[in-house]
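Structural overview for review
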Amino acid sequence: MLSVKEALRNTIDLLTEEEAYRIWEFAQHVYERPHVSRTMRRLASDPAFRVPASGIGPFHPVEPIKGKGIPASRLLVEDRR
């Protein structure tokens, strides 16, 4: 029985140069990709969630909105007293 690496080598021999290059690029991407948690993999497999690509980076800064009245945090503290 062939090992996985041997089977992969045999399959690579059958590829065109373009196909081999595309697979090489994909392999580089997989090899260089940081560890993905099991939770993120589970969420990505669920159609209810859309997991962004790993290269997205941090969120853009936003200006906080200014609300009217007493802040909710102050109301909560006063309510707890």
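Each value, and the rule that gives it
- Residues numbered from 1 in each chain as written.
- Predicted model: local features only at pLDDT ≥ 70, side-chain atom pairs only at ≥ 80, totals over all residues.
- Heavy atoms only, no water.
- Helix = DSSP H or I, 4+ residues; strand = E, 2+ residues; numbered from the N terminus.
- Buried < 20%, exposed > 50% of the residue type's maximum accessible area, 1.4 Å probe, protein only.
- Areas by Shrake-Rupley, 256 points an atom, 1.4 Å probe, with all protein chains shown as cover.
- Lys, Arg positive; Asp, Glu negative; His and termini not counted.
- Charge placed at Lys NZ, Arg CZ, Asp CG, Glu CD.
- pLDDT = per-residue confidence, 0-100.

Structural notes on the overall build of the protein chain
Within the protein chain, the secondary structure is distributed over four helices and zero strands. The helix and strand sequence of the protein chain, counted from the amino end, reads α-α-α-α. C-alpha extents for the protein chain along the principal axes are approximately 75 × 30 × 20 Å. Evaluated residue by residue, the protein chain yields a buried proportion of 0% over its 81 residues. For the protein chain, the accessible surface area stands at approximately 8700 Å², while carbon and sulfur atoms represent 59% of it. Mean positive and mean negative side-chain charge positions of the protein chain (13 and 11 charges, respectively) differ by 15 Å.

Some points on the environment of P58
Within the secondary structure layout, P58 lies in the loop between α3 (38–45) and α4 (72–80). P58 sits 47 residues away from T11 along the chain, and the two C-alpha atoms are 39 Å apart.

With respect to the confidence of the model for the protein chain
Scored by pLDDT, the protein chain has a mean of 83; 90% of the residues are at 70 or more. Within the protein chain, helix α1 (residues 4–13) carries the highest mean pLDDT (90), whereas α3 carries the lowest (80).

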